[in-house]
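# An overview of the molecular structure
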Amino acid sequence: EDKVVQSPLSLVVHEGDTVTLNCSYEVTNFRSLLWYKQEKKAPTFLFMLTSSGIEKKSGRLSSILDKKELSSILNITATQTGDSAIYLCAVDRFTGTASKLTFGTGTRLQVTL
Amino acid sequence: EPEVTQTPSHQVTQMGQEVILRCVPISNHLYFYWYRQILGQKVEFLVSFYNNEISEKSEIFDDQFSVERPDGSNFTLKIRSTKLEDSAMYFCATRGNEQFFGPGTRLTVL
């Protein structure tokens, strides 16, 4: 059975801090690893990672995949209160014609003033 | 920017009733998905759909559930006889390269 584990489960930081969120996975027929941000409702897409060691970056957020260690990290630098959300890691695997995402339970990040 | 849309945003129904949740995918996407999230729990895969047929379904997706793309644009999830435990957020997602999620339908079964 596919498994995605995220840590920590929750985190409280002060505005301006840097945070690192972790994701490890066990999955057959790995296709990619995705990070999503979930605020009130739907997960919004952040990054998709397919190759090991290549950093994806968007503003203050960055992520990297380690296929040897079956893990990924999401870094957020200079955190702001608007970064408060649940960050979801999901692994996409091939399932014949389509694919499917298996999600972790998420890391709840709270950024305080 | 193209986006996935879903209707209704919130549906309240009585146990045993049928509900249909609707999704309009991003226009050039070919793969469609339904996921659900019970309050406080993780997002769970229900079903994937490609080329007008189901590609894969989870064990949650039993005979009470069905999907179809009736008119080439809408993608629907039908629950025939709702149970209390079907109460959840239901997300439609579509994939080009990565999966994009719609805003969800909150289903409340009383």
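Below you will find a few notes about this structure. (Residues numbered from 1 in each chain as written. Chains lettered and ligands numbered in written order. Predicted model: local features only at pLDDT ≥ 70, side-chain atom pairs only at ≥ 80, totals over all residues. Heavy atoms only, no water.)

### Digging into the overall build of chain A
A count of helical and extended segments in chain A gives zero helices and 11 strands. By the compact-globule yardstick of 13 Å for 113 residues, chain A fits well, its C-alpha radius of gyration being 14 Å. The principal-axis extents of the C-alpha atoms in chain A amount to approximately 45 × 30 × 20 Å. Taken over 113 residues, chain A has a buried fraction of 48%. Across chain A, contacts joining residues at least 24 apart in sequence account for 55% of those joining residues at least 6 apart. Summing over all exposed atoms, chain A offers an accessible surface of approximately 5,500 Å²; the carbon and sulfur share of this is 51%. Here chain A carries 13 positive and 11 negative side-chain charges, and the mean point of each set is 6 Å from the other. (Helix = DSSP H or I, 4+ residues; strand = E, 2+ residues; numbered from the N terminus. Rg over C-alpha atoms; globule rule 2.2 N^0.38 Å. Buried < 20%, exposed > 50% of the residue type's maximum accessible area, 1.4 Å probe, protein only. Contact = heavy atoms within 4.5 Å. Areas by Shrake-Rupley, 256 points an atom, 1.4 Å probe, with all protein chains shown as cover. Lys, Arg positive; Asp, Glu negative; His and termini not counted. Charge placed at Lys NZ, Arg CZ, Asp CG, Glu CD.)

### Things to note about the environment of Ala42 of chain A
Along the chain, Ala42 of chain A turns up in the loop between strand S4 (30-38) and strand S5 (43-49). Beyond its immediate sequence surroundings of up to four residues, Ala42 of chain A is in contact with Lys37 of chain A together with Phe91, Phe101, Gly102 and Pro103 of chain B.

### Concerning the state of the cysteines
Residues and elements named next belong to chain A. Counted under the stated rule, the structure contains two disulfides over all chains. Across the disulfide, Cys23 is cross-linked to Cys89 (sulfur-sulfur distance 1.9 Å). Here Cys23 and Cys89 share a disulfide; its torsion about the S-S bond, -65 degrees, makes the bridge left-handed. Taken as a pair, Cys23 in strand S3 (residues 19-26) and Cys89 in strand S9 (residues 85-95) lie far apart in primary sequence, 66 residues in all. Taking relative accessible area as the criterion, Cys23 reaches 2% and is therefore assigned buried. (Disulfide = S-S within 2.5 Å.)

### With respect to the side chain of Thr76 of chain B
Residue and element names in this part refer to chain B. Here Thr76 is to be found in strand S8 (residues 75-79). For Thr76, a relative accessible area of 7% corresponds to the buried category. If we ignore the near neighbours within four places in the chain, the residues touching Thr76 are Ile20, Leu21, Arg22, Trp34, Ser66, Val67, Glu68 and Pro70.

### Some words on the pattern of salt bridges
Residue and element names in this part refer to chain A. One pass over the full model with this rule turns up six salt bridges over all chains. Asp2 is the salt-bridge partner of Arg93, the closest N and O atoms lying 2.5 Å from each other. On the criterion of sequence distance, the pair formed by Arg93 in strand S9 and Asp2 in the segment before strand S1 (3-7) is long-range, its members being 91 residues apart. Just as Arg93 is buried, Asp2 falls in that class too. (Salt bridge = Lys/Arg side-chain N within 4 Å of Asp/Glu carboxyl O.)

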